[in-house]
Amino acid sequence: NNNIYPEDYCFYGVEGNPYFTPLLHELESNVLNMSPRPVNHLHFLTEHVGTAIDGPTTLFLDTINVKQNFWGSSIIQSHSDVHKSSSGGKGNNNKVGVMGITLTKLLKQTVLSAG
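The notes below deal with the structure included here. From a predicted model like this one, the values you see are computed outputs, not experimental measurements.

So, about the sheet that holds strand S3 (residues 48–50). Backbone-to-backbone hydrogen bonds join strands into a sheet, with any given pair of strands oriented parallel or antiparallel. Spatially, the three strands line up as an open sheet ordered S3-S5-S4, and their pairing is mixed. Each end of this open sheet is capped by a strand with a single partner; those strands are S3 and strand S4 (55–60). Across this sheet, the average inter-strand angle for adjacent strands is 50°, counted without regard to direction. Summarising the sheet, S4 and strand S5 (residues 95–101) pair through six bridges and their orientation is antiparallel. Residue pairing for S5: Thr-57 is matched across the bridge by Val-98.

Have a look at this one:
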């Protein structure tokens, strides 16, 4: 049988903004507790961002684009939405420490570890 269905897949997401951590953990838990499950496995690497080097890094937060789920958050401090957010008088309060992860490490921890 060559049929492949959504429940045969594992899904991984990467989200740097800590604002979304509780929501994503709740979603992950709800999906994994469903019976039957809509996917084989689901996991969000919260407070992680894709980077060229594995390890701690800084995420500069967009605090102004509420309707777009703060899509301007960036590891680049000069990003226009980050700059606009810090211009609102919040200054350095708009940055958080997160974990940087390379695509290589992500694949080793997920796809390749499944063997």
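Don't stop here, the text continues.
The omega angle of the peptide bond from Ser-35 to Pro-36 is 0°, so this bond is cis rather than trans. For Pro-36, the location among the structural elements is in the loop between helix H1 (21–32) and strand S2 (41–46). Positive phi, normally seen in glycine, also occurs at Glu-47, with a value near 55°. In this structure, Glu-47 sits in the loop between S2 and S3. For Phe-70, which is not glycine, the phi dihedral falls at a positive 60°. Within the element layout of this structure, Phe-70 appears in the loop between S4 and helix H2 (80–90).

Phe-20, Leu-24, Val-31, Val-39, Leu-42, Phe-44 and Phe-70 form the largest nonpolar core, which has seven residues in total. Among the elements of the structure, H1 and S2 are those that each provide at least two residues to this core. Filtering out sequence-adjacent residues up to four positions away, Phe-20 remains in contact with Glu-15, Asn-69 and Phe-70.

Criteria and thresholds
Residues numbered from 1 in each chain as written. Predicted model: local features only at pLDDT ≥ 70, side-chain atom pairs only at ≥ 80, totals over all residues. Heavy atoms only, no water. Pairing = 2+ DSSP bridges. Helix = DSSP H or I, 4+ residues; strand = E, 2+ residues; numbered from the N terminus. Axes fitted to C-alpha atoms, helices over the stretch in contact; angles between N-to-C directions. Core = buried A, V, L, I, M, F, W, Y, C linked by side-chain atoms within 4.5 Å. Buried < 20%, exposed > 50% of the residue type's maximum accessible area, 1.4 Å probe, protein only. Contact = heavy atoms within 4.5 Å.

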